[in-house]
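# Tertiary structure, described
So the chains spell out like this:
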Amino acid sequence: MKITCSQSELLKGVNIVSKAVPTRTTMPVLECILVDASKGQIVMTANDMEIGIETIVDGTIHEPGIIALDAKFFGEVIRKLPSSDVTITVDERFQTRIVCESTDFSITGKSGEDFAKIPTVTRNNPVIISQFTLRELVRQTSFTITDFNQANKMMTGELFEITGDMLKVVALDTSRISIRNIKLKESYDNKKVIVPAKALNEISKIICGGTEDMVEIFFNDNHIIFEFENTTVVSRLIEGEFFNIDHMFSGSYDTKMTINKKQLLDSIDRSTLMLFKEAEKKPIVMDIDDMKVTLSMNSFIGKMKDEILIGKTGKDLRIGFNPKFFLDALRVIDDDEITAYFVDHRSPCFIKNEDESYIYVILPVNIQEE
(Lines give C-alpha, C1' and ligand atoms only; values in the text may rest on other atoms or scores of the structure.)
Protein backbone atom coordinates (compact mmCIF):
# COMPACT_ATOMS: atom_id res chain seq x y z
CA MET A 1 0.00 0.00 0.00
CA LYS A 2 1.12 3.53 -0.72
CA ILE A 3 -0.93 6.68 -0.08
CA THR A 4 -0.30 10.40 0.24
CA CYS A 5 -2.43 12.75 2.38
CA SER A 6 -1.92 16.11 4.03
CA GLN A 7 -0.89 15.99 7.69
CA SER A 8 -3.98 17.98 8.67
CA GLU A 9 -6.33 15.58 6.88
CA LEU A 10 -4.69 12.54 8.47
CA LEU A 11 -4.84 14.16 11.90
CA LYS A 12 -8.52 15.02 11.44
CA GLY A 13 -9.25 11.38 10.59
CA VAL A 14 -7.24 10.09 13.56
CA ASN A 15 -9.01 12.45 15.96
CA ILE A 16 -12.42 11.33 14.73
CA VAL A 17 -11.98 7.55 14.81
CA SER A 18 -9.79 7.40 17.93
CA LYS A 19 -12.92 8.00 20.01
CA ALA A 20 -13.86 4.38 19.27
CA VAL A 21 -10.51 2.91 20.28
CA PRO A 22 -10.98 0.91 23.51
CA THR A 23 -8.85 1.75 26.53
CA ARG A 24 -8.83 -1.90 27.59
CA THR A 25 -9.35 -4.94 25.42
CA THR A 26 -8.32 -8.58 25.16
CA MET A 27 -8.08 -8.15 21.35
CA PRO A 28 -4.85 -6.24 20.56
CA VAL A 29 -5.97 -5.49 17.00
CA LEU A 30 -8.80 -3.32 18.39
CA GLU A 31 -6.14 -1.01 19.85
CA CYS A 32 -5.37 -0.11 16.23
CA ILE A 33 -6.75 2.26 13.64
CA LEU A 34 -7.48 0.51 10.35
CA VAL A 35 -6.28 2.39 7.27
CA ASP A 36 -8.03 0.89 4.25
CA ALA A 37 -7.09 2.05 0.77
CA SER A 38 -8.20 -1.12 -1.00
CA LYS A 39 -11.52 0.09 -2.47
CA GLY A 40 -10.78 3.40 -4.15
CA GLN A 41 -11.03 5.56 -1.01
CA ILE A 42 -8.83 6.07 2.03
CA VAL A 43 -10.96 5.05 5.00
CA MET A 44 -9.94 5.09 8.67
CA THR A 45 -11.84 2.87 11.10
CA ALA A 46 -11.81 2.14 14.84
CA ASN A 47 -14.10 -0.24 16.70
CA ASP A 48 -14.45 -1.16 20.38
CA MET A 49 -17.29 -3.61 19.60
CA GLU A 50 -19.85 -1.26 21.17
CA ILE A 51 -19.26 1.76 18.95
CA GLY A 52 -17.56 1.80 15.55
CA ILE A 53 -16.45 4.90 13.66
CA GLU A 54 -15.20 5.21 10.09
CA THR A 55 -14.30 8.34 8.19
CA ILE A 56 -13.09 9.02 4.66
CA VAL A 57 -9.76 10.84 4.39
CA ASP A 58 -8.89 12.92 1.33
CA GLY A 59 -5.69 11.81 -0.36
CA THR A 60 -4.09 9.98 -3.26
CA ILE A 61 -3.85 6.19 -3.54
CA HIS A 62 -0.68 5.17 -5.38
CA GLU A 63 -0.95 1.47 -4.50
CA PRO A 64 -4.08 -0.02 -2.87
CA GLY A 65 -3.80 -1.87 0.41
CA ILE A 66 -4.87 -2.14 4.03
CA ILE A 67 -3.03 -1.90 7.37
CA ALA A 68 -3.87 -1.76 11.08
CA LEU A 69 -1.64 0.62 13.08
CA ASP A 70 -1.41 1.10 16.83
CA ALA A 71 -3.82 3.97 17.45
CA LYS A 72 -1.90 5.72 20.21
CA PHE A 73 1.50 5.64 18.51
CA PHE A 74 0.19 6.34 15.02
CA GLY A 75 -1.82 9.26 16.36
CA GLU A 76 1.19 10.76 18.15
CA VAL A 77 3.36 10.40 15.04
CA ILE A 78 0.83 12.16 12.81
CA ARG A 79 0.21 14.85 15.43
CA LYS A 80 3.89 15.78 15.58
CA LEU A 81 4.68 15.75 11.87
CA PRO A 82 5.18 19.02 9.96
CA SER A 83 2.14 20.57 8.27
CA SER A 84 2.89 19.09 4.89
CA ASP A 85 2.10 16.08 2.71
CA VAL A 86 2.59 12.68 4.32
CA THR A 87 3.34 9.48 2.39
CA ILE A 88 2.54 6.13 4.02
CA THR A 89 4.03 3.00 2.46
CA VAL A 90 3.35 -0.57 3.65
CA ASP A 91 5.27 -3.66 2.51
CA GLU A 92 4.17 -7.31 2.46
CA ARG A 93 5.44 -7.83 6.05
CA PHE A 94 3.29 -4.92 7.35
CA GLN A 95 6.35 -2.71 7.85
CA THR A 96 4.99 0.81 7.55
CA ARG A 97 7.04 3.84 6.52
CA ILE A 98 5.66 7.32 7.27
CA VAL A 99 7.53 10.12 5.50
CA CYS A 100 6.88 13.86 5.79
CA GLU A 101 9.48 16.30 4.47
CA SER A 102 12.74 15.24 6.18
CA THR A 103 11.00 13.15 8.86
CA ASP A 104 10.98 9.38 8.30
CA PHE A 105 9.31 6.87 10.66
CA SER A 106 9.29 3.08 10.25
CA ILE A 107 6.80 1.17 12.40
CA THR A 108 5.31 -2.32 12.43
CA GLY A 109 1.61 -2.72 11.67
CA LYS A 110 -0.81 -5.63 11.78
CA SER A 111 -2.80 -7.35 9.09
CA GLY A 112 -5.87 -5.32 8.28
CA GLU A 113 -7.71 -8.52 7.44
CA ASP A 114 -7.81 -9.40 11.16
CA PHE A 115 -9.51 -6.14 12.12
CA ALA A 116 -13.10 -6.32 13.38
CA LYS A 117 -15.02 -4.32 10.79
CA ILE A 118 -17.98 -2.25 11.93
CA PRO A 119 -21.35 -3.96 11.34
CA THR A 120 -23.01 -3.62 7.97
CA VAL A 121 -26.46 -2.24 8.73
CA THR A 122 -29.31 -1.70 6.30
CA ARG A 123 -29.97 1.98 5.72
CA ASN A 124 -33.61 2.84 5.09
CA ASN A 125 -35.75 5.92 5.80
CA PRO A 126 -33.28 8.06 7.77
CA VAL A 127 -34.42 10.50 10.44
CA ILE A 128 -32.75 13.80 9.57
CA ILE A 129 -31.80 16.47 12.09
CA SER A 130 -29.13 19.16 12.13
CA GLN A 131 -25.74 18.61 13.70
CA PHE A 132 -26.43 21.57 15.98
CA THR A 133 -29.69 20.03 17.21
CA LEU A 134 -28.12 16.63 17.89
CA ARG A 135 -25.25 18.23 19.77
CA GLU A 136 -27.71 20.28 21.88
CA LEU A 137 -29.87 17.23 22.62
CA VAL A 138 -26.85 15.42 24.02
CA ARG A 139 -25.56 18.45 25.93
CA GLN A 140 -28.91 19.05 27.58
CA THR A 141 -29.56 15.46 28.68
CA SER A 142 -26.41 13.34 28.99
CA PHE A 143 -25.14 15.09 32.15
CA THR A 144 -27.80 13.14 34.03
CA ILE A 145 -25.84 9.94 33.42
CA THR A 146 -22.78 10.07 35.63
CA ASP A 147 -21.74 6.40 35.64
CA PHE A 148 -21.35 4.53 32.35
CA ASN A 149 -20.42 1.30 34.17
CA GLN A 150 -23.32 0.86 36.56
CA ALA A 151 -25.08 -2.50 36.74
CA ASN A 152 -28.44 -1.21 35.49
CA LYS A 153 -27.77 -0.85 31.75
CA MET A 154 -30.93 1.19 31.24
CA MET A 155 -29.32 4.00 33.24
CA THR A 156 -26.29 4.06 30.92
CA GLY A 157 -28.42 4.88 27.89
CA GLU A 158 -30.79 7.53 26.60
CA LEU A 159 -34.24 6.88 25.23
CA PHE A 160 -34.80 8.05 21.64
CA GLU A 161 -38.54 7.94 20.99
CA ILE A 162 -40.04 9.11 17.71
CA THR A 163 -43.78 9.64 17.47
CA GLY A 164 -44.80 11.13 14.14
CA ASP A 165 -42.90 14.41 13.82
CA MET A 166 -41.77 14.55 17.47
CA LEU A 167 -38.49 13.28 18.92
CA LYS A 168 -38.21 12.77 22.67
CA VAL A 169 -34.83 12.14 24.32
CA VAL A 170 -34.78 10.98 27.95
CA ALA A 171 -31.91 10.31 30.35
CA LEU A 172 -32.20 9.49 34.04
CA ASP A 173 -30.51 8.23 37.16
CA THR A 174 -31.87 7.46 40.61
CA SER A 175 -32.34 11.13 41.56
CA ARG A 176 -33.21 13.07 38.40
CA ILE A 177 -34.60 12.95 34.88
CA SER A 178 -33.72 15.03 31.80
CA ILE A 179 -36.16 15.27 28.89
CA ARG A 180 -35.89 17.11 25.59
CA ASN A 181 -38.70 17.24 23.04
CA ILE A 182 -38.11 18.58 19.53
CA LYS A 183 -40.32 18.87 16.48
CA LEU A 184 -38.91 17.25 13.35
CA LYS A 185 -39.33 18.64 9.86
CA GLU A 186 -41.08 15.44 8.70
CA SER A 187 -43.15 12.63 10.18
CA TYR A 188 -41.60 9.19 10.61
CA ASP A 189 -42.65 5.72 11.65
CA ASN A 190 -42.82 5.39 15.43
CA LYS A 191 -39.56 4.18 16.97
CA LYS A 192 -38.36 3.61 20.52
CA VAL A 193 -34.71 2.65 21.19
CA ILE A 194 -32.13 3.04 23.96
CA VAL A 195 -28.82 4.49 22.77
CA PRO A 196 -25.69 4.22 24.96
CA ALA A 197 -24.96 7.67 26.40
CA LYS A 198 -21.24 7.05 25.97
CA ALA A 199 -21.72 6.75 22.20
CA LEU A 200 -23.82 9.92 22.10
CA ASN A 201 -21.16 11.84 24.02
CA GLU A 202 -18.47 10.73 21.57
CA ILE A 203 -20.62 11.70 18.58
CA SER A 204 -21.29 15.14 20.06
CA LYS A 205 -17.51 15.70 20.23
CA ILE A 206 -17.10 14.87 16.54
CA ILE A 207 -19.92 16.86 14.97
CA CYS A 208 -19.16 20.54 14.69
CA GLY A 209 -21.62 21.75 12.06
CA GLY A 210 -24.49 24.19 12.47
CA THR A 211 -28.20 24.23 11.75
CA GLU A 212 -27.67 23.74 8.01
CA ASP A 213 -25.41 20.67 8.39
CA MET A 214 -27.47 17.51 8.61
CA VAL A 215 -27.11 14.15 10.35
CA GLU A 216 -28.90 11.10 8.98
CA ILE A 217 -29.95 8.61 11.66
CA PHE A 218 -30.81 5.01 10.74
CA PHE A 219 -32.30 2.40 13.06
CA ASN A 220 -32.54 -1.35 13.06
CA ASP A 221 -33.23 -3.94 15.77
CA ASN A 222 -29.71 -3.92 17.22
CA HIS A 223 -27.90 -0.80 15.99
CA ILE A 224 -28.24 2.90 15.38
CA ILE A 225 -26.22 4.66 12.68
CA PHE A 226 -25.27 8.33 12.49
CA GLU A 227 -24.01 9.57 9.11
CA PHE A 228 -22.67 13.08 8.55
CA GLU A 229 -20.21 14.54 6.08
CA ASN A 230 -17.61 11.78 5.48
CA THR A 231 -18.12 10.00 8.80
CA THR A 232 -20.25 7.05 9.91
CA VAL A 233 -20.81 6.09 13.55
CA VAL A 234 -22.46 2.76 14.39
CA SER A 235 -23.49 1.97 17.95
CA ARG A 236 -25.12 -1.06 19.51
CA LEU A 237 -28.47 -0.39 21.12
CA ILE A 238 -29.21 -1.32 24.72
CA GLU A 239 -31.74 -4.14 24.86
CA GLY A 240 -34.78 -3.94 27.10
CA GLU A 241 -37.70 -1.70 27.97
CA PHE A 242 -36.92 1.81 29.19
CA PHE A 243 -38.33 3.00 32.51
CA ASN A 244 -41.97 4.11 32.47
CA ILE A 245 -41.88 7.69 33.73
CA ASP A 246 -45.23 8.87 32.37
CA HIS A 247 -46.98 8.34 35.73
CA MET A 248 -44.83 11.11 37.24
CA PHE A 249 -46.32 13.82 35.04
CA SER A 250 -49.78 14.45 36.45
CA GLY A 251 -49.65 18.19 35.75
CA SER A 252 -50.84 19.13 39.24
CA TYR A 253 -48.72 21.24 41.63
CA ASP A 254 -49.15 23.24 44.84
CA THR A 255 -46.33 25.78 44.31
CA LYS A 256 -45.10 27.47 41.16
CA MET A 257 -41.97 29.62 41.17
CA THR A 258 -40.70 31.85 38.35
CA ILE A 259 -37.14 33.10 38.83
CA ASN A 260 -34.17 34.60 36.99
CA LYS A 261 -32.04 31.63 35.96
CA LYS A 262 -28.65 33.32 36.30
CA GLN A 263 -29.43 34.66 39.77
CA LEU A 264 -30.50 31.21 40.94
CA LEU A 265 -27.52 29.49 39.33
CA ASP A 266 -25.05 31.99 40.81
CA SER A 267 -26.61 31.69 44.28
CA ILE A 268 -26.48 27.89 44.33
CA ASP A 269 -22.95 27.97 42.93
CA ARG A 270 -21.88 30.30 45.78
CA SER A 271 -23.45 27.94 48.29
CA THR A 272 -21.10 25.14 47.24
CA LEU A 273 -18.22 27.14 48.74
CA MET A 274 -19.57 25.93 52.08
CA LEU A 275 -18.76 22.33 51.25
CA PHE A 276 -15.56 21.36 53.02
CA LYS A 277 -14.93 18.51 50.63
CA GLU A 278 -16.29 17.85 47.17
CA ALA A 279 -17.92 14.64 48.39
CA GLU A 280 -19.60 16.34 51.35
CA LYS A 281 -23.38 15.88 51.18
CA LYS A 282 -25.15 19.05 52.25
CA PRO A 283 -28.41 20.24 50.69
CA ILE A 284 -29.27 23.66 49.40
CA VAL A 285 -32.46 24.63 51.27
CA MET A 286 -35.08 26.74 49.52
CA ASP A 287 -37.66 28.66 51.56
CA ILE A 288 -40.24 29.88 49.04
CA ASP A 289 -42.75 32.57 50.03
CA ASP A 290 -44.84 35.18 48.22
CA MET A 291 -42.04 37.59 47.29
CA LYS A 292 -38.76 35.75 47.42
CA VAL A 293 -36.90 32.48 47.77
CA THR A 294 -34.32 32.27 50.55
CA LEU A 295 -31.49 29.87 49.82
CA SER A 296 -29.37 28.60 52.67
CA MET A 297 -26.72 26.02 53.45
CA ASN A 298 -25.23 24.90 56.77
CA SER A 299 -22.00 22.94 56.80
CA PHE A 300 -18.90 22.20 58.84
CA ILE A 301 -17.40 25.50 57.64
CA GLY A 302 -20.33 27.69 58.59
CA LYS A 303 -23.56 29.09 57.14
CA MET A 304 -24.64 30.81 53.96
CA LYS A 305 -27.92 32.59 53.10
CA ASP A 306 -29.10 34.38 49.97
CA GLU A 307 -32.40 35.90 48.82
CA ILE A 308 -33.81 36.25 45.29
CA LEU A 309 -37.04 37.92 44.24
CA ILE A 310 -39.47 35.58 42.49
CA GLY A 311 -42.92 35.29 41.02
CA LYS A 312 -44.98 32.71 42.90
CA THR A 313 -48.41 31.13 42.94
CA GLY A 314 -49.64 28.57 45.44
CA LYS A 315 -48.39 27.56 48.85
CA ASP A 316 -45.24 28.56 50.70
CA LEU A 317 -42.71 25.75 50.75
CA ARG A 318 -39.47 24.69 52.42
CA ILE A 319 -37.54 22.08 50.42
CA GLY A 320 -33.94 20.87 49.98
CA PHE A 321 -31.93 19.59 47.02
CA ASN A 322 -28.51 18.29 46.12
CA PRO A 323 -26.95 21.54 44.83
CA LYS A 324 -25.02 19.76 42.05
CA PHE A 325 -28.20 18.35 40.54
CA PHE A 326 -29.82 21.79 40.38
CA LEU A 327 -26.66 23.36 38.94
CA ASP A 328 -26.37 20.69 36.24
CA ALA A 329 -29.88 21.43 35.01
CA LEU A 330 -29.59 25.21 35.17
CA ARG A 331 -26.32 25.23 33.22
CA VAL A 332 -27.88 23.62 30.13
CA ILE A 333 -31.04 25.74 30.08
CA ASP A 334 -30.69 28.68 27.70
CA ASP A 335 -33.74 30.66 28.90
CA ASP A 336 -33.19 33.81 30.98
CA GLU A 337 -36.08 32.90 33.26
CA ILE A 338 -37.16 29.47 34.47
CA THR A 339 -40.32 28.10 36.04
CA ALA A 340 -40.21 25.40 38.72
CA TYR A 341 -43.21 23.41 39.94
CA PHE A 342 -43.49 21.74 43.36
CA VAL A 343 -46.05 19.53 45.10
CA ASP A 344 -44.54 19.22 48.59
CA HIS A 345 -41.18 18.82 50.32
CA ARG A 346 -41.05 15.09 49.54
CA SER A 347 -42.02 15.21 45.85
CA PRO A 348 -39.88 15.98 42.79
CA CYS A 349 -39.35 19.48 41.45
CA PHE A 350 -40.19 19.98 37.77
CA ILE A 351 -38.31 22.65 35.81
CA LYS A 352 -39.90 23.14 32.41
CA ASN A 353 -40.83 25.74 29.85
CA GLU A 354 -44.31 26.44 28.52
CA ASP A 355 -44.17 24.14 25.49
CA GLU A 356 -42.27 21.47 27.46
CA SER A 357 -39.40 21.34 24.97
CA TYR A 358 -37.32 20.65 28.07
CA ILE A 359 -38.28 19.07 31.40
CA TYR A 360 -35.88 18.49 34.29
CA VAL A 361 -37.06 16.46 37.26
CA ILE A 362 -35.04 16.61 40.50
CA LEU A 363 -35.81 14.61 43.62
CA PRO A 364 -35.55 16.50 46.94
CA VAL A 365 -33.46 15.43 49.94
CA ASN A 366 -34.40 15.18 53.59
CA ILE A 367 -33.72 18.48 55.41
CA GLN A 368 -35.08 17.65 58.88
CA GLU A 369 -31.58 17.83 60.33
CA GLU A 370 -31.07 21.28 58.81
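None of the values given here were measured: they were computed from a predicted structure.

## Let's talk about the pairing of strand E19 (residues 292-298)
For E19, the buried fraction is high: five of the seven residues fall into the buried class. The pairing of strand E18 (residues 284-288) with E19 spans four bridges and is antiparallel. Its bridge partner lying in E19, Ile-288 is registered against Val-293. Counting the residues between successive antiparallel strands, the hairpin from E18 to E19 contains three residues. What sits between the antiparallel neighbours E19 and strand E20 (residues 303-309) is a turn of four residues.

## Digging into the packing of helix H5 (residues 261-271) against helix H6 (residues 323-332)
One can describe the packing of H5 onto H6 by two numbers: an axis separation of 10 Å at closest approach and a directional angle of 145°. For the pair H5 and H6, the crossing hand works out as left-handed. Contact residues: Lys-261, Leu-264, Leu-265, Ile-268, Asp-269 and Ser-271 in H5; Pro-323, Phe-326, Leu-327, Leu-330 and Arg-331 in H6. Of the residues in the contact of H5 with H6, the class split is seven nonpolar, one polar and three charged.

## Thoughts on unusual backbone geometry
Of note in the backbone geometry, Met-49 takes a positive phi value of approximately 75° without being a glycine. Judged by relative accessible area, which is 36%, Met-49 ranks as partly exposed. The residue Glu-101 is not glycine, and still its phi comes out positive at about 50°. For Glu-101, the location among the structural elements is in the loop between strand E8 (95-100) and strand E9 (103-108).

## Describing the packing of aromatic side chains
According to the stated counting rule, one finds seven aromatic pairs in the structure shown. With a centroid separation of 5.6 Å and an interplanar angle of 75°, the aromatic rings of Phe-242 and Phe-243 are classed as edge-to-face. Residue class for Phe-243 comes out partly exposed when judged on its relative accessible area of 30%. Here the guanidinium or amino end of Lys-352 rests over the ring plane of Tyr-341, the centre of that ring lying 5.1 Å away.

## Looking at the sheet that holds strand E24 (residues 349-352)
As summarised here, the arrangement of the seven strands in space is E12-E13-E25-E24-E23-E17-E21, forming an open sheet in which the pairing is antiparallel. Two strands bound the open sheet, and with one partner strand each, they are strand E12 (157-172) and strand E21 (311-314). On average, each strand axis in the sheet is tilted by 20° relative to the strand beside it, whichever way the strands run. As defined by bridge partners, E12 adjoins strand E13 (residues 176-196) across 14 bridges and the pair is classed as antiparallel. Pairing of Leu-167 across the sheet is with Ile-182, part of E13. Running at roughly 70° to E13, helix H4 (residues 197-206) makes contact with E12 and E13 of the sheet.

## Some thoughts on the pattern of salt bridges
For the structure on display, the rule yields 20 salt bridges. For Lys-183, the salt bridge is made with Asp-165, and the minimal N-O distance between the two is 2.4 Å. Separated by 18 residues along the polypeptide, Lys-183 in strand E13 and Asp-165 in strand E12 bring together distant segments of the chain. Residue classification places Lys-183 among the exposed positions, given a relative accessible area of 60%. With its nearest N and O atoms 2.5 Å apart, the salt bridge here joins Lys-312 to Asp-316.

About the thresholds
Residues numbered from 1 in each chain as written. Predicted model: local features only at pLDDT ≥ 70, side-chain atom pairs only at ≥ 80, totals over all residues. Heavy atoms only, no water. Buried < 20%, exposed > 50% of the residue type's maximum accessible area, 1.4 Å probe, protein only. Helix = DSSP H or I, 4+ residues; strand = E, 2+ residues; numbered from the N terminus. Pairing = 2+ DSSP bridges. Axes fitted to C-alpha atoms, helices over the stretch in contact; angles between N-to-C directions. Left-handed = near helix turned anticlockwise from the far one by under 90°. Contact = heavy atoms within 4.5 Å. Nonpolar A, V, L, I, M, F, W, Y, C, P; charged D, E, K, R; others polar. Phe/Tyr/Trp six-rings, centres within 6.5 Å; stacked < 30°, edge-to-face > 60°. Lys NZ or Arg CZ within 6 Å of the ring centre and 35° of its normal. Salt bridge = Lys/Arg side-chain N within 4 Å of Asp/Glu carboxyl O.

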